Amino acid sequence: MPYVRRTLATTAAAVATAALLQSPAQAAVVPEHAIIICQSASFYANYDSSSGPTGFLRTLPYGDKVGHTRGVHPVYNGWAATFDFGPNDWGYVRYECIGGYGSW
């Protein structure tokens, strides 16, 4: 029986660790409502620390409804994990292009 308890404890620890390592797309924090404040902003699927943003998805226009929770969702070298509420997907956009928090 001690083996079973130890195995369950190890499994629970592994699940807790995996929850902490989730990508922004799987984060439990609901993104704070914001908009794109640049004339347009490139939206990328991922961010690679060695080469920058990767996997261009689309261009977001001024006023596009997005989400980013300051201090919670990651920002890498000025690229912020951002949720695009239109198609409901995550990606990365320049941090300075996000503003108008709580405007909608």
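J.: Is there a simple way to think about the pattern of salt bridges in this case?
T.: Think of it this way: side chains of opposite charge can pair up when their charged atoms draw near. In this structure the tally under the stated criterion is four salt bridges. Between Glu96 and Arg94 there is a salt bridge, and its shortest N-O distance comes to 3.1 Å. Assessed through its relative accessible area of 48%, Glu96 is described here as partly exposed. Of the residues examined, Arg94 reaches a relative accessible area of 26% and is grouped as partly exposed. Each of Arg58, Asp84 and Asp89 takes part in a single network of salt bridges with overlapping partners.

J.: Would you take a moment to explain the pairing of strand S7 (residues 89-94) for this structure?
T.: Where a strand is regular, its side chains alternate between the two sheet faces. Looking at chain direction, strand S6 (residues 79-84) and S7 are connected through six bridges and run antiparallel. By the bridge assignment for S7, Asp84 is matched with Asp89. Joining the antiparallel neighbours S6 and S7 is a turn of four residues, in which Asn88 adopts a positive phi near 60°.

J.: How should I be thinking about the nonpolar core in this particular structure?
T.: It is characteristic of soluble globular proteins that their nonpolar side chains tend to be buried jointly. Counting 11 residues, the largest nonpolar core consists of Ala34, Ile36, Cys38, Ala41, Phe43, Leu60, Val66, Ala80, Val93, Cys97 and Ile98. Among all residues touching Val66, those that are not within four sequence positions of it are Glu32, His33, Ala34, Ile35, Ile36, Leu60, Thr82, Phe83, Asp84, Phe85, Ile98 and Trp104. In terms of nonpolar packing, the next biggest core, distinct from the first, is built from seven residues, Tyr44, Tyr47, Trp79 and Trp90 among them.

J.: What is the right way to read the state of the cysteines from this model?
T.: A covalent bond between the sulfur atoms of two cysteines is what we call a disulfide. Under the criterion given, the structure shown has one disulfide. Here Cys38 connects covalently by a disulfide to Cys97, the sulfurs 2.0 Å from one another. Looking along the S-S bond of the Cys38-Cys97 disulfide, the torsion reads about -85°, which is the left-handed sense. Placement of Cys38 in the loop between strand S1 (33-36) and strand S2 (40-48) and of Cys97 in the loop between S7 and strand S8 (98-99) is noted, with a sequence separation of 59 residues between them.

Analysis parameters
- Residues numbered from 1 in each chain as written.
- Predicted model: local features only at pLDDT ≥ 70, side-chain atom pairs only at ≥ 80, totals over all residues.
- Heavy atoms only, no water.
- Salt bridge = Lys/Arg side-chain N within 4 Å of Asp/Glu carboxyl O.
- Buried < 20%, exposed > 50% of the residue type's maximum accessible area, 1.4 Å probe, protein only.
- Pairing = 2+ DSSP bridges.
- Helix = DSSP H or I, 4+ residues; strand = E, 2+ residues; numbered from the N terminus.
- Core = buried A, V, L, I, M, F, W, Y, C linked by side-chain atoms within 4.5 Å.
- Contact = heavy atoms within 4.5 Å.
- Disulfide = S-S within 2.5 Å.

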